[in-house]
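Each chain is listed here by its residues.
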Amino acid sequence: MIPKPNLKLITVVLALLPVVLAGCQSTPTLEESPAQTDSLSNVNQMIEQAQGLPSPQSESLLIDAAELLLEQQKLQQAARVLDSINPSNLDAQTRLKLVTTLTHLAIAQDDIAQAQELLTTDRLGILTVSSELSPQELNELSLLRAQVWELSENFLAAARERIFVSPMLEQDAAAENQKKIWLDLIQVPAETLDQLSQSAAIPEIQGWLELAWIYKGLQDNLDEQLQALTRWQQRHPNHPAAVELPESLQLLTELSDKRPTRIALLLPSQGADGVKG
């Protein structure tokens, strides 16, 4: 069956064609390298090729073209390509690909509210199809959601998202994610950490909140801070942060170990006649 022409897609091709031709015919400048010019040519070819493909291959190729435009900072052109896609009949993987690329576009446009809406609502059906996504795809979605929370300065939500996904990550990714959990939590006010740590129902989250409060709430008293850290380690021996303490807390313990245990009192020397020398 011959695919029906997509009039909206043809409009996108015609809108982008002058941009692509201009890039191909002009001498590349410092702002537009030969590689960028080739990339724009590839975009036009991909869009034209997409017209002859069935769904979801057509939409997937269009998303690839939009990603190339994003890489070249052609935000308006990328938005036109993505706007030509009808998400209603997409499979789960292509829908995830569309939502992810739209989120990256929103971030590039500094529209963090739009990015949040794409990832936390079912506007494009991403929540509906989540059960059809692989564990790896769900992990990537969670990490992108955490990144958007961080960009909106909702560090507590970002930390919770990262704590949730952490057990599902590979070792290297989990270690990097754990660093970001800590960086998120130390952005939260000490009073908030203290309150939430007393009411948190999930032990792992409670452990993170307590640890962050020890770091922030007891900064003025090193001895008390170290004592509280020791007690925390005894209560949470299997917590991810107990296995690998955040670097800032490792520095605290190193500082304590290097503190002198004795202080010598040096008096001025005196001569035999009792007169100071």
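Throughout what follows, the structure given in this document is the object of discussion. Predicted model, so just to flag it, every value in this text is computed and none were measured.

## Concerning the overall build of the protein
Move 1: Along its length, the protein carries 14 helices and zero strands.
Move 2: Ordered by position from N to C terminus, the α and β elements of the protein give α-α-α-α-α-α-α-α-α-α-α-α-α-α.
Move 3: Evaluated residue by residue, the protein yields a buried proportion of 40% over its 277 residues.
Move 4: Restricting to contacts in the protein with at least 6 residues of sequence separation, those with at least 24 account for 56%.
Move 5: Carbon and sulfur atoms make up 53% of the accessible area of the protein, which amounts to about 16300 Å² in all.

## A few points about the pattern of salt bridges
Where charged atoms from two side chains of opposite charge come close, those side chains can pair.
Move 1: Summed over the entire model, instances satisfying the criterion amount to six salt bridges.
Move 2: The partner of Lys 97 in a salt bridge is Asp 64, and the shortest N-O contact between them spans 2.7 Å. Taken together, the residues span a long stretch of sequence, with Lys 97 in helix H5 (residues 92-108) and Asp 64 in helix H3 (residues 57-71) at a distance of 33 residues.
Move 3: A relative accessible area of 25% places Asp 64 in the partly exposed class.
Move 4: Of the charged contacts in the structure, one is a salt bridge between Arg 162 and Glu 150, with a shortest N-O distance of 2.8 Å. In this pair, Arg 162 is assigned in helix H8 (residues 155-165) and Glu 150 in helix H7 (residues 135-151), connecting sequence segments 12 residues apart.

## Looking at H3
Move 1: Across its 15 residues, H3 extends 21 Å between first and last C-alpha, which sits within 8% of the 21 Å expected from 1.5 Å per residue.
Move 2: Among the residues of H3, those classed as buried are Ser 58, Glu 59, Ser 60, Leu 61, Leu 62, Ile 63, Ala 65, Ala 66, Leu 69 and Leu 70.
Move 3: In the segment just after H3, Gln 73 is the residue with positive phi, at about 60 degrees.

## Some words on unusual backbone geometry
Move 1: Here the bond from Ser 55 into Pro 56 is cis, since omega is 5 degrees, no more than 30 degrees from zero.
Move 2: Looking at where Pro 56 falls in the secondary structure, it is placed in the loop between helix H2 (34-50) and H3.
Move 3: Unlike most non-glycine residues, Gln 73 shows phi in positive territory, near 60 degrees.
Move 4: Examined against the element boundaries, Gln 73 turns out to sit in the loop between H3 and helix H4 (75-83).
Move 5: One non-glycine residue, Glu 153, lies in the positive phi region at around 65 degrees.
Move 6: Among the structural elements, Glu 153 can be located in the loop between H7 and H8.
Move 7: Under the relative-accessibility criterion, Glu 153 is labelled exposed at 62%.

## Quick look at the side chain of Asp 184
Move 1: As for its position among the elements, Asp 184 is in helix H9 (residues 171-185).
Move 2: Not counting chain neighbours up to four residues away, the residues in contact with Asp 184 comprise Glu 150, Phe 155, Ala 158, Ala 159 and Arg 162.

## Describing the nonpolar core
Move 1: In this structure, Leu 82, Ile 85, Leu 98 and Ile 126 are the most contacted members of the largest nonpolar core, which totals 36 residues.
Move 2: Those elements that place two or more of their residues in this core are H2, H3, H4, H5, helix H6 (112-120) and H7.
Move 3: Those residues in contact with Leu 82 that lie beyond four places of it in its chain are Ile 63, Ala 66, Leu 98, Thr 101, Leu 102 and Leu 105.
Move 4: Core analysis: the second largest hydrophobic core is formed by 25 residues, Leu 156, Ile 163, Leu 185 and Trp 208 among them.

## Some remarks on H4
Move 1: For H4, the complete set of buried residues consists of Leu 75, Gln 77, Ala 78, Val 81 and Leu 82. With its buried residues spanning 160 degrees around the axis, H4 presents them on a single face.

## Focus: the packing of H4 against H5
Move 1: Where H4 contacts H5, the axes come no closer than 11 Å and their chain directions differ by 150 degrees. Between H4 and H5, the crossing angle belongs to the class labelled roughly antiparallel. Like other packed secondary-structure pairs, H4 and H5 cross with a definite hand, here left-handed. Residues Leu 75, Ala 79 and Leu 82 of H4 pack against Leu 98, Thr 101, Leu 102, Leu 105 and Ala 108 of H5.

The rules behind the values
- Think of each chain on its own: its residues are numbered from 1, step by step along the sequence as written.
- Reporting of local features is limited, given that this is a predicted model, to residues whose pLDDT is at least 70; pairs of side-chain atoms are given and counted only at 80 or more, and all residues count toward the totals for whole chains, interfaces and linings.
- Values shown for side chains rest on all heavy atoms present in the structure; no hydrogens or waters enter the calculation.
- Only DSSP runs of H or I with at least four residues qualify as helices, and only runs of E with at least two residues qualify as strands; both kinds are numbered from the N terminus onward.
- Burial status follows relative accessibility: with a 1.4 Å probe on protein chains alone, a residue under 20% of its type maximum counts as buried, one over 50% as exposed, and anything between as partly exposed.
- The contact criterion used is simple: two residues touch if any of their non-hydrogen atoms lie within 4.5 Å.
- Only the protein chains shown count as cover for residues, and all accessible areas are computed by the Shrake-Rupley method using a 1.4 Å probe.
- Salt bridges are identified by distance alone: a Lys or Arg side-chain nitrogen within 4 Å of an Asp or Glu carboxyl oxygen.
- Under the convention used throughout, the expected extent of a helix is 1.5 Å for every residue step, that is, one less than its residue count.
- Take the buried residues of types Ala, Val, Leu, Ile, Met, Phe, Trp, Tyr and Cys, join any two whose side-chain atoms come within 4.5 Å, and each joined set is a nonpolar core.
- This arc corresponds to the set of directions leading from the helix axis out to the C-beta atoms.
- Helix axes use the C-alpha atoms of the stretch in contact, all axes being lines fitted to C-alpha atoms, and the angles between their N-to-C directions lie in the range 0 to 180 degrees.
- For classification, angles of less than 35 degrees are called roughly parallel, those exceeding 145 degrees roughly antiparallel, those between 65 and 115 degrees roughly perpendicular, and all remaining angles oblique.
- Here a crossing is taken to be left-handed if its near helix is turned anticlockwise relative to the far helix by less than a right angle, and right-handed if that turn runs clockwise.

Geometric values such as these leave the question of function open.
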